[in-house]
Amino acid sequence: MTSLTALLRPSDRLRAARQSAVRVPPTVAVAAVVIVIVLLWSLVPWLFTSFDPSVGDTAEKLTAPSGAHWFGTDHLGRDVFARVVYGTASSVTSALVAVSIGLVVGSIIGLASGFLRGAVDVVLGRVVDVLLAIPSFLLAVVIVSSLGFQTINAAIATGVSAIAIFARLMRAEVLRARGSVFVEASYLQGGNRLHALLGHILPNTYKSVVALAVLQFGTSILVIASLAFLGYGDPPPASDWGLLVASGKSYATAPWLIYAPALVIVITVLSVNRISTWLRRTR
Amino acid sequence: MTKSYGRYALLRAAQALVVVLLAYIGTFLVISVLPGDPITNMLRDPQNGLSDDQIQQIVAHYGLDKPVIIQLILSLGRFVTGDLGFSLQSNLPVSQLVGDALPSTLTLAGTALALSVVIAVAIAYGVQYLPSRWARGVLRSVPSLFLSVPNFVVGLVLIELFAFRLHTFTTIDPDSAAATLFAALTLAIPVSAPLAEVLIANLDHESRQEYALVARSRGLSQARLFARHLVKPSMLPAVAMIALVVGELLGGAVITETIFGRDGLGTVVQKAVTSQDVPVLQAVVSLAAVVFVTVNLLADLVSPLLDPRLDVKSERKVVVPV
């Protein structure tokens, strides 16, 4: 069997051998650069553009992308690149808030289910089932409509709708780690349950949970942009990425108003996903 | 087998019922207990021009003057008996609103599901069998790209290119076949990505099995091997995923229908959110949960019958890429 499959595709063995050495593939390096730029946009936006995102020159309204205005200008003559750069902070922060909520609450639920088992597992399992039963975007929409239309509420809603995924992964990872020989050995050496949990089980779960958190960061950017697109985030003059696309769609003659912020969203999420895949494969 | 299967089926059905009821309660609590109290805000809004008598009537119908727990029990009782209440916005029965919107959404979601399966199979086949290594690599990154593009961007770009520039369809008639196809494509693209990932992984696994090698050695062409031997075992885990995908289709419909101007469930949700129409929101979300739970229940009940290797006593494992 082994010899047959080895004959079938020798290139796979080569690939496996190369992957065993830890090295950063070029696409991951590019993705990391993109993420660093996006983070810098959100921290120090004024270093990247000399334009004010909220003040426009009406004489220059709806001009196509050029050397002066990289992403063109909108209906009030505001520089679209500046609006994208200044909108980054809100988009990135809310995605971070969303991931934190999903990660912390989901991990606690998953940890409790997987480690305590029994009745706790059954009860928490149903809670997770309920969260999974409602389509996550619909759940986010309902929560944000109940909390009020603000970007921070959109972030909270997105986070809550991600709890179930984290809980499920964490539970599976804890169950896997708990059944392993090193946990058994720890008990045999006289370690108590808390020691097994903190010293052996948690350290063996965090890698896949981190990979999921990175992936969810990208997903959260998309969900929050979608909520902003529907008008469930902060109203203009805020310039969340999704809101920029939404306000750009009214101007059919100026497609860059859609394409520019859309491209920024796609490249950012693509980079985040690339890093997440790499993290998952190199554990 | 039959006895343990009957027990298993009964247990799963009971579990599904509990989840639906809990989903209803959860939605109810989110909508009515969290700050904002949409119903009273909505009723007091002078724009609605409701007279005091009408407000009294609505308050009495929903039992808004009673404690939350009583409201919940009343509301749950109405839901169980199939009474979905009335829209605060249009005063129409919610069941009528949903019933009118359902065909449009079912057409959209059904077309999208079919398209996403076609796209996923095409990608998986290409990744496995395209002659050029370079082309395989490019195709391999397509699912990841599909997952990175927001739904609304896909829709807007398709409208910009095919409606405004090439005039393949018009947004004035959103229910035409061409417009429906593009709307379905918008919805299908993000959904096809996880399906493609699962198919690629399974196809890779199956084509390494000895039976595939034997079939190849008998002189079967790659296309025939794929169609006759590999598709079926690779699709089984994907079928379990389709149940999960249904929820995503319903969520994505909110955005897709808004962009394409279709009058479906998604638009109903979007309008209900904007006008804080609580009974409509509660009904649509609960129905979405019912659909999702039912589809999953069916998938769970059918798969042990389809694949005898699955043991009903152990927990079911679904291959889902995280």
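Residues numbered from 1 in each chain as written. Chains lettered and ligands numbered in written order. Predicted model: local features only at pLDDT ≥ 70, side-chain atom pairs only at ≥ 80, totals over all residues. Heavy atoms only, no water.

As annotated in an unreviewed UniProt entry, chain B carries the name Peptide/nickel transport system permease protein and comes from Agreia pratensis. If you open the UniProt record of chain B and go to Sequence similarities (unreviewed entry), you find "Belongs to the binding-protein-dependent transport system permease family." Annotation of chain B in UniProt includes, under Subcellular location (unreviewed entry), the sentence "Cell membrane". (UniProt positions renumbered as here; feature names shortened; annotations may be inferred.)

Labelled according to an unreviewed UniProt entry, chain A appears under the name Peptide/nickel transport system permease protein, originating from Agreia pratensis. UniProt annotates chain A under Subcellular location (unreviewed entry) with the comment "Cell membrane". Its UniProt record gives chain A a comment under Sequence similarities (unreviewed entry), which states: "Belongs to the binding-protein-dependent transport system permease family."

Peer 1: Can you help me understand the UniProt feature "domain: ABC transmembrane type-1" (unreviewed entry) in chain A in this one?
Peer 2: Under the UniProt annotation, "domain: ABC transmembrane type-1" (unreviewed entry) lies at residues 88-276 of chain A. Secondary structure across residues 88-276 of chain A divides into 82% helix and 0% strand, with the first and last C-alpha atoms of the span separated by 21 Å. (Helix = DSSP H or I, 4+ residues; strand = E, 2+ residues; numbered from the N terminus.)

Peer 1: Is there a simple way to think about the pattern of salt bridges in this case?
Peer 2: Side-chain pairing between opposite charges can occur once the charged atoms of the two side chains come close. Residue and element names in this part refer to chain A. Taken as a whole and assessed by the stated rule, the structure comprises five salt bridges over all chains. Where arginine 176 meets glutamate 173, a salt bridge forms, and the shortest distance between an N and an O atom there is 2.8 Å. Residue arginine 176 and its partner glutamate 173 are both found in helix H7 (residues 151-178); the two are separated by three residues, about one turn of the helix. Accessibility expressed as a relative area gives 8% for glutamate 173, which makes it buried. (Salt bridge = Lys/Arg side-chain N within 4 Å of Asp/Glu carboxyl O. Buried < 20%, exposed > 50% of the residue type's maximum accessible area, 1.4 Å probe, protein only.)

Peer 1: What is the right way to look at the packing of aromatic side chains in this model?
Peer 2: Geometrically, a pair of aromatic rings is defined through the distance of the ring centres and the angle of the planes. Under the counting rule described, the total for this entry stands at eight aromatic pairs over all chains. Between Trp41(A) and Phe81(A), the ring centres sit 5.7 Å apart and the planes meet at 90°, which makes this aromatic pair edge-to-face. Of the two residues, Trp41(A) sits in helix H3 (residues 26-43) while Phe81(A) sits in helix H4 (residues 80-116), which places them 40 residues apart along the sequence. When the ring of Tyr24(B) is compared with that of Phe79(B), the centres are 4.3 Å apart and the planes differ by 20°; the resulting orientation is stacked. Here Tyr24(B) is found in helix H1 (residues 2-33), whereas its partner Phe79(B) is found in helix H4 (residues 68-80), with 55 residues between them in sequence. Both residues of the pair, Tyr24(B) and Phe79(B), count as buried. Put simply, the rings of Trp41(A), Phe48(A) and Phe81(A) pair up and form one aromatic cluster. (Phe/Tyr/Trp six-rings, centres within 6.5 Å; stacked < 30°, edge-to-face > 60°.)

Peer 1: How should the UniProt feature "transmembrane region" (unreviewed entry) in chain A be read in this particular structure?
Peer 2: Residues and elements named next belong to chain A. UniProt tags residues 21-44, 95-116, 123-145, 151-170, 209-233 and 253-273 as "transmembrane region" (unreviewed entry). In residues 151-170, the share of helix is 100% and the share of strand is 0%. The end C-alpha atoms are 28 Å apart. Counting secondary structure, residues 209-233 comes out at 84% helix and 0% strand; the distance between its end C-alpha atoms is 28 Å.

Peer 1: Just checking my understanding: could you explain the interface of chain A and chain B for this structure?
Peer 2: Between chain A and chain B, the contact holds 47 residues from the first and 51 residues from the second. Per-residue buried area on chain A facing chain B is highest for Leu138(A), Val142(A) and Ser146(A); these three make up 12% of the total on that side. Counting across the chain A and chain B interface gives zero salt bridges. Taken together, the connections running from chain A to chain B amount to three residue pairs in polar contact (both at pLDDT 80 or more). Looking at the side of chain A that touches chain B, the elements with two or more residues in it are helix H1 (2-8), helix H5 (118-133), helix H6 (136-147), H7, helix H10 (206-229), helix H11 (241-248) and helix H12 (256-281) of chain A. Here the side of chain A that touches chain B takes ten residues from H12(A), the largest share from any one element. (Contact = heavy atoms within 4.5 Å. Buried area = accessible area lost by both parts, 1.4 Å probe. Polar contact = N/O pair within 3.5 Å; in protein donor to acceptor, adjacent residues only side chain to side chain.)

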